[in-house]
Amino acid sequence: MSVLGLALSTLRARRKSFVGPFVALFLSAMLVAACGLLMESGIRQGIGPERYAGADLVVTAKQSLVVDVDYDEPFGGRVRLPASAVDELAAIPGVERAVGDVEVRLGAVGSSGDLVGAIDGRPPVGHGWSSATLGPFALVQGGGPTAPGQVVLDGALAVRLAVGVGDDVTLTVGSTPGEYRVTGTVSPPVGTGALRQGVVFFIDEQVADLASAQGTSGLPGATDARGEVDAVGILAADGTDVRALAADVRDRTGLTVSTGDARGSVEFADASGSATTLVAIAGSFGGIMLMVVVLVVASALGLVVQQRRRELALLRAVGATPRQVRRMISAEMLVLSTTAAVPGALLGIAAVGVLHGLFVRAGVVSADYPVAVGPLPVVIAVVLTVGVAWLAGRMSARRAITVKPVEALGEAAVEIPRLGVTRTVLGVVLVVGGVFLSMLPAFVAGEDALAGAALSGVVLVIAVALLGPRIVHALVLLVEPFLRRSPHASTYLAGRNTRASSRRLAGAVVPLVLAITMTVVQVSLGAAQVAETERQVADGLRADLVLASSGTGLSPDLAGQVARVPGVSSVTPTVRSQALVRFAEPDGTLSAEALSVQGVDPSDLGAAIDLDVREGSTDDLQGESVALSVTGASKARAGLGDTVELYLADGTRVDAVVVALYGRGMGFGDALLPRDLVLPASGDGLDGSLLVVAEKETDVEMLAGALGRATAPYPGVVLADRASLVAAEKAALEANTWTSMILLVVLFGYVALNVANALVMSTADRRRELALLRLVGTRDRQVLRMMRIEAGVVVGVAVVVATVILLPPLAGVSLGLSEGQRAVPALSPVAYLATVAGAGAVGYLSMLLPTRAALRGRPVESIGLRE
């Protein structure tokens, strides 16, 4: 019989034994394929253009910083083009027309006085009427704007605002309102369907004024030679090859040229954000998932090999060579894994749709961002699953293949918990490495050390997987004397069984440890970040009241008006943004890190915020200077007095001198810059909030009333106190943890299901043992009691081991978040108890339910069953 035929015969004869590995491989292929499809969606997919649907090319400035490692870092905002670029592009052969476009985010005020018109949180945008040809938008009613104060609305936005041609509408730029007359409505470009974002068209000159009012320079033209544009849409001349034209424009200018659906990523910033999020989720979860798959599949296949040790020993005894046994097992693994992986990977297409829907509900991905379905991720999932199964099967059978035939028959009857030298040494090295990683935040500040502490849990789980039989055997030896001294026969039997079956128990303990550790570490990490940020904001915020916006932002001139309200001691405007810091690595290569930035007015900053300044002073935050948090300084590789190379959100380079180092970076950002630097580069040129400090002996409630009256003419301005701001920050952070929770539920479900499979198959394999106990006089309730005790030992050992290896990473996380000041493990009690309860339920039910099923049959019939 051929090796393949022998493998098929074995799989048919022992099909019940292979159910567990089949399920593990099936689910592994499904989840790996789903991760691959998510990544492909982020890389290859996008949202099609609407306002640029009629443009053959869309040209923009380069939106990322060039570095020597990995990939170029996106600036995080909009890098604009000079006005002169429009004429330069129009002069290129093959270009019929070049149209400059600039975007102004707006607020639209309804009849109730509230801001309306946003679609899925995206506010309407304003553009010059000349850019309507890039759609192209077609007039449905009325005519185009011809003078300041006139606008054209898209039809859907006009319906939401309940206005028509000839009506007046209130629009805001930041918090500044303006009255406009509606002269016409337009329909969306053909083929785009309903617009995902409302559009308002002004005359070009007025858009220039509005853009200047929010910190940008405006639309290009003869009247504004200093203007800038967000993008330039190009209409190709008839008969022009668009691909050749795109290449020519790129070569001549060095600018970024977008065609096809890539034009949508220029138009919609949230599309690029969704793509980046999907790639990040797929990359991180996919990497963790692969490690979990290796451990779970190896555990499942190891259990099967343990159940077949008598069969393999007999093959060796009757003359089968190690090479023949190895080829047989390899063939079995290939057949089993291929049969499971192909349908599992295909089901991953449906699974990615479910995950995408969950991410949409969590608010991390746009609802209309499509999922890419291609063959490559499915094929890769099948190849990876088959490869992991083949390798895990060969490693699991290594002992049975290399041992002498006589010794193999002896080991088939009695389990030996000893491990190979290589496996033992590697396990010990990983234990030491995991503990070292967990303690990194005690010596190094920054996100890398924090990530290392979180990763140490995975390293320690792998170490437990390698040393599992010895660890389980050692713990069982501690428990077994207490069980042996029990007057109950069932307790005595449970003790002897657990001592004799440490390898079998390790196959169940390791996945349970994995499920508990991964879940508790990740949930505790998220909870600790939320708690630390909340604490820092609560401890550092000194302002009595906060003015924020329910729309696009606060107009920069509002701070001066608020400062004139009686009872106000000081007003500190803040604007949140992002910056890149570029630096040279020790080997000379250029690298960059993203910093969360706040632009602040340094005068009276200390009255509004206590940053816990460690070195220097924020009073020196003038001109090209920066204050860095401890974490920000670690990212920038800089200290007090150093000059750092910063790039603001619009690509503006600032060589800033570090004038202060502070400690509350999670609450107030990695870096503080002068507001005058950040505001023009933030894209919309609007403040995010105003921190108001009351004069001494001023009643805060009365001041709040005065501020409410002073800001009443400004739509979207929201007044909050200190507690409300802290609560809002906490709510925003908790919303971001939903992504992790979704992935953790998927991961825990995968591991728990495979643990249940392993325990069910392991318990079912003992039906002859249970039948023998019943034949020699053991009662059914004694058998159940024995199995309950064994289940308790399995769950108890898993909980003890998981708890021990949880402590180092969670202590490291606490050190990292508190910047080395607290080493108390950041354990979430709710997550710990819930996870332990879930793992315990899985362990108990998976052992007791098949035991009850086995007890329903007659022992005489069960004792004659084949192994």
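Everything here concerns the structure above.
Not measured: the values here are computed from a predicted model.

Caption draft 1: Representation of the pattern of salt bridges in the model. Considering all chains together, one arrives at 18 salt bridges under this definition. Across the pair Glu-645 and Arg-582 runs a salt bridge, and its minimum N-O distance is 2.9 Å. Taken together, the positions of Glu-645 in strand β23 (residues 643-647) and Arg-582 in strand β19 (residues 568-584) put the pair 63 residues apart, joining distant regions of the chain. Like Arg-582, Glu-645 is buried. Arg-653 is paired through a salt bridge with Asp-655; the nearest N and O atoms lie 3.1 Å apart.

Caption draft 2: Structural detail: unusual backbone geometry. Cis geometry is adopted by the peptide bond preceding Pro-136, which originates at Gly-135 and carries an omega value of -10 degrees. Mapped onto the secondary structure, Pro-136 falls in the loop between β9 (125-128) and β10 (138-142). One non-glycine residue, Ala-162, lies in positive phi territory at about 60 degrees. Structurally, the position occupied by Ala-162 is in the loop between α4 (155-161) and β12 (168-173). We classify Ala-162 as exposed; its relative accessible area is 67%. Of note in the backbone geometry, Glu-697 takes a positive phi value of approximately 70 degrees without being a glycine. Locating Glu-697 in the fold gives a position in the loop between β26 (689-694) and α23 (700-711). On the basis of relative accessibility, which here comes to 86%, the residue Glu-697 falls in the exposed class.

Caption draft 3: Examining the packing of aromatic side chains more closely. Counted under the stated rule, the structure contains 5 aromatic pairs. Seen in terms of ring centroids, Phe-75 and Tyr-647 are 6.3 Å apart; in terms of plane orientation they differ by 40 degrees. Their pairing is tilted. Linking Phe-75 in the loop between β3 (73-74) and β4 (81-82) with Tyr-647 in strand β23, this pair joins segments that are 572 residues apart in sequence. Residue classification places Tyr-647 among the buried residues on the basis of a relative accessible area of 8%. Note on Trp-129 and Phe-201: the rings are 5.5 Å apart at their centroids and 80 degrees apart in plane angle, and the pair reads as edge-to-face. With Trp-129 in the loop between β9 and β10 and Phe-201 in strand β14 (residues 199-202), this residue pair connects regions lying 72 residues apart in the sequence. Site record: aromatic cluster; members linked through ring pairs are Trp-129, Phe-137 and Phe-201.

Caption draft 4: Quick peek at the side chain of Thr-618. Tracing the backbone through its elements, the reader meets Thr-618 in the loop between β21 (613-616) and β22 (625-629). Relative accessible area serves as the criterion here: at 11%, Thr-618 is assigned to the buried category. When near neighbours in sequence (up to four residues on either side) are disregarded, Thr-618 contacts Pro-602, Leu-605, Leu-611, Val-613 and Ala-660.

Rules behind the numbers
- Residues numbered from 1 in each chain as written.
- Predicted model: local features only at pLDDT ≥ 70, side-chain atom pairs only at ≥ 80, totals over all residues.
- Heavy atoms only, no water.
- Salt bridge = Lys/Arg side-chain N within 4 Å of Asp/Glu carboxyl O.
- Helix = DSSP H or I, 4+ residues; strand = E, 2+ residues; numbered from the N terminus.
- Buried < 20%, exposed > 50% of the residue type's maximum accessible area, 1.4 Å probe, protein only.
- Phe/Tyr/Trp six-rings, centres within 6.5 Å; stacked < 30°, edge-to-face > 60°.
- Contact = heavy atoms within 4.5 Å.

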